[in-house]
Amino acid sequence: MVDLDQEIRDSKKGMTPIVKTITRFVMGIIVMFGAYIVLYGHLTPGGGFAGGVILACGYILLTLGFGKDVSLKKMNNLAASLLDNLGVLIFLSIGLLGTTAGYFFLNFIDHGQDFKLFSSGIIPLCNIAIALKVTSSLFAIFLALSIFGRFVSTLVEEEE
Amino acid sequence: MILYFLTLVLFVMGLYCLVAKKNIIKKIIGIVITEYSINLFLILIGYRKGGVAPIILKGMDAGVVAESSVDPLPQALVLTSIVIGLGVLALMVAICLRLYEKYKTFDMSDINKLQG
Amino acid sequence: MEIYLLTLLIFMIIGALIAIETKNLLSSVISVGVVGFTLSIAFLMLRAPDIAITQVVVEILILVVLIRATITRDNTSIEGRGGTFPFVSSLIFFGLFLIFAFFALKELPRFGEPLMKVSERYLRMGPEQTKAMNIVTGILLDFRAYDTIGEATVLLTSIVGAFCILRRRGRKLVEDADDEKTGILEDEDIKGSFEGF
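Position numbers for residues start from 1 in each chain and track the written sequence from start to end. Here every chain gets a letter starting at A, and every ligand a number starting at 1, in the order they are written. Reporting of local features is limited, given that this is a predicted model, to residues whose pLDDT is at least 70; pairs of side-chain atoms are given and counted only at 80 or more, and all residues count toward the totals for whole chains, interfaces and linings.

The next point concerns the overall build of chain A. Only DSSP runs of H or I reaching four residues or more are called helices, and only runs of E reaching two or more are called strands; each is numbered from the N terminus. For chain A, the count of helices and strands is seven helices and zero strands. When the helices and strands of chain A are read in sequence order from the N terminus, they spell out α-α-α-α-α-α-α. Note on burial: count the other C-beta atoms lying within 10 Å of the residue's C-beta; 20 or more is buried, 12 or fewer is exposed, in between is partly exposed, and C-beta positions come from the backbone. Across the 160 residues in chain A, those meeting the buried criterion constitute 39%. Distance between backbone-placed C-beta atoms decides contact: two residues are in contact if it is within 7 Å. Put simply, 68% of the contacts in chain A that link residues at least 6 apart link residues at least 24 apart.

So this is what it looks like as structure tokens:
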């Protein structure tokens, strides 16, 4: 469950109390499911892209349910831009490290045994870097389009 | 054969919506439908009759998967294509909102006419 | 098997027809959502579980972004065609395209017998060279990692481009100082209008 104060629960921003209660229950499950799909990407269907989009959907649910203040405390817009670029840099540097052992993007870490979580070389690390990039990219573009846009829709204005 | 043809009909419908409608949002919807049809076409080409998914689970034999699985290469490329489609859609909607702010309308013929 | 795929495709074509022709923008966005979810079921029947998962979640985000674009003050019905010339010429040219496509599609291999010259090597040597049991992830991140770098670059470029377009309102005068901070929230016009979100 998301840890929130009583005043945020009772405030008028965001949506009705039903949506707020369900969001508090479901947020942890969404983040856990997204992390599971990212980490087990080399053993079951999924991978970095699908898991990253699921995590971004979790953050967007938090924003829609509680208003922009709560979710901006968890990841504000500067942090989203930084994490975005950090993800790509980690991915490229893993590839460049492969040149120390042979050619570009060589799978140089020890491969491990079959069917274990820490197997198959650089593939889990690359999955984590891609998930980081996709999550923060899509969350930042959602912020830019809907909250920091330049015109407010009539729905949002009437709720005040 | 008829499946490929119907997929191309979906592609042509998306292109028609892009070319012959006046509203910018309809043009964006046309691009989205075109992208769907192309992804479907690529996966349809790689299907094998009676095939299994290209994943090896714990009790399975690796030889069975290697013999009779569907083509995994188009699946890898379509996976990146779907996420790229989302990014390009975000860029298109950003341009569309900027146009609305400047010209106060979504109508393409009005935007074409305003020459200062 | 083909019957199921045929039914799903006809359903998608009807949904796309509704999305194209209806006058209310919100209805056409919802029809695009229907097409996307049916596409995900079709991917599942074609034995592609990775892509079905990705298509469902990306479809949800496409709907969120499109609904954001259509809920503005001038919502509905700027409808109608852009004149008769685009309409007639597009019908003629797309009809010609479909006729030629019908002859060209006969040259492809039959549905259900793919030509897997490169993929045979990936399928045979994939599990032992990379120990990835998901062969699609093994191809994406080991055999074909350059394509994944290209995809990350395209995503980065499009997101940065969208930020640059949405950043400021209009131009500044030449005499104003050029010391703005980064980040989107520093615009004074925007800050005032979002107190009660």
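This part is about the overall build of chain B. Looking only at helices and strands, chain B features five helices and zero strands. Shown N-terminal to C-terminal, the secondary structure of chain B runs as helices and strands in the order α-α-α-α-α. For chain B, whose C-alpha radius of gyration is 20 Å, the value lies well above the compact-globule estimate of 13 Å for 116 residues. In terms of principal-axis extent, the alpha carbons of chain B reach across some 70 × 30 × 15 Å. Scored against the burial criterion, the 116 residues of chain B give a buried share of 50%. Here the radius of gyration uses the C-alpha set of atoms, whereas the globule reference equals 2.2 Å times the residue count to the power 0.38.

Let us look at the interface of chain C and chain B. On the chain B side, the residues contacting the 77 residues of chain C number 72 residues. Contributions of two or more residues to the side of chain C that touches chain B are made by α1 (2-21), α2 (25-45), α3 (49-70), α4 (84-104), α5 (119-129), α6 (135-143) and α7 (145-165) of chain C. Only Asp, Glu, Lys and Arg are considered charged in this grouping, and only Ala, Val, Leu, Ile, Met, Phe, Trp, Tyr, Cys and Pro are considered nonpolar; every other residue, Gly among them, is considered polar. The residue makeup of the side of chain C that touches chain B, split by class, is 52 nonpolar, 15 polar and 10 charged.

The next thing to look at is the environment of Ile38 of chain B. Residue and element names in this part refer to chain B. Among the secondary structure elements, Ile38 is positioned in helix α2 (residues 24-45). Looking at Ile38, the number of C-beta atoms within 10 Å reads 16, which means it is partly exposed. Note: C-alpha distance between Ile38 and Asp61 (23 residues apart in sequence) is 33 Å.

Ranked by internal contacts, the top residues of the largest apolar core, which has 110 residues, are Val53 of chain A, Ile33 and Ala90 of chain B together with Leu61 of chain C. If one sorts the elements of this core by residue count, helix α6 (residues 123-147) of chain A sits on top with 14 residues. Domain extents, as shown, originate in an automatic or database domain assignment. Mapping this core onto the domain boundaries places at least three of its residues in each of domain 1 (1-71) and domain 2 (116-168) of chain C. The term nonpolar core refers to a set of buried Ala, Val, Leu, Ile, Met, Phe, Trp, Tyr and Cys residues connected through C-beta atoms within 7 Å.

Residue and element names in this part refer to chain A. Along its 21 residues, helix α5 (residues 77-97) runs 30 Å from first to last C-alpha, staying within 8% of the 30 Å computed at 1.5 Å per residue. Turning to α5, its buried residues number three or more, namely Ala80, Asp84, Gly87 and Phe91. Seen end-on, α5 carries its buried residues on one side only, within an arc spanning 60°. Among the exposed residues of α5, those oriented more than 90 degrees off its buried face are Leu82, Leu89, Ser93 and Leu96. Given the number of residues in a helix, its expected span is that number minus one, multiplied by 1.5 Å. When we speak of the arc, we mean the arc of directions from the helix axis to the C-beta atoms.

Before going further, it helps to examine the packing of helix α1 (residues 2-20) of chain B against α2 of chain B. Residue and element names in this part refer to chain B. Between N-to-C directions, angles cover 0 to 180 degrees, with each direction set by a line fitted to C-alpha atoms, over the stretch in contact for helices. Viewed as axis vectors pointing N to C, α1 and α2 meet at an angle of 160°, and their least axial separation amounts to 7 Å. Taken as axis vectors, α1 and α2 run roughly antiparallel relative to one another. Here α1 and α2 pass one another in a crossing that is left-handed. Here α1 contributes Leu3, Tyr4, Thr7, Leu10, Phe11, Met13, Gly14, Leu15, Cys17 and Leu18 to the contact with α2, which in turn contributes Lys26, Lys27, Ile29, Gly30, Ile31, Ile33, Thr34, Ser37, Ile38, Leu40, Phe41 and Leu44. Classifying every residue of the contact of α1 with α2 by side-chain character gives 15 nonpolar, five polar and two charged. Angle categories are assigned with fixed cut-offs, so that under 35 degrees is roughly parallel, over 145 is roughly antiparallel, 65 to 115 is roughly perpendicular, and the rest are oblique. The hand of a helix crossing depends on one turn: near helix anticlockwise from the far one by less than a right angle means left-handed, and clockwise means right-handed.

An α-helical turn contains 3.6 residues, so any two residues separated by three or four positions project in the same direction. The end-to-end C-alpha distance of α2 of chain B is 33 Å, a good match for the 32 Å that 22 residues give at a rise of 1.5 Å each. Burial analysis of α2 of chain B places 16 of its 22 residues in the buried class, the great majority of the element.

What follows concerns the confidence of the model for chain A. Residue and element names in this part refer to chain A. Per-residue confidence for chain A gives a mean pLDDT of 79, with 73% of residues at or over 70. Across chain A, helix α2 (residues 17-39) holds the top mean pLDDT of 91, while helix α7 (residues 154-158) sits lowest at 39. Scored below 50 in pLDDT, residues 151-160 makes 10 contacts in the model with residues more than four places away or belonging to other chains. Every residue is assigned a pLDDT by the predictor, reflecting its confidence on a scale from 0 to 100.

So, about the environment of Gly65 of chain A. All names here are of chain A. As for its position among the elements, Gly65 is in helix α3 (residues 48-66). Each C-alpha atom of the pair Gly65 and Met15 lies 5.4 Å from the other, and the pair is 50 residues apart in sequence. Aside from chain neighbours lying at most four places away, what touches Gly65 is Gly14, Met15, Val19, Lys20 and Thr23.

Here we take up the environment of Phe115 of chain A. As for its position among the elements, Phe115 of chain A is in the loop between α5 and α6. Between the C-alpha atoms of Phe115 of chain A and Asn77 of chain A, which are 38 residues apart in sequence, the distance is 38 Å.

All names here are of chain B. Looking at chain B, the pLDDT average stands at 88 and 97% of residues meet or exceed 70. Averaged pLDDT values over the elements of chain B bottom out at 77 in helix α5 (residues 108-113) and peak at 93 in α2. The ipTM for the predicted assembly is 0.90, set against a pTM of 0.85.

All names here are of chain C. Backbone geometry places Arg47, a non-glycine residue, at a positive phi of 60°. By the secondary structure assignment, Arg47 is in the loop between α2 and α3. Since 22 C-beta atoms lie within 10 Å of it, Arg47 is described here as buried.

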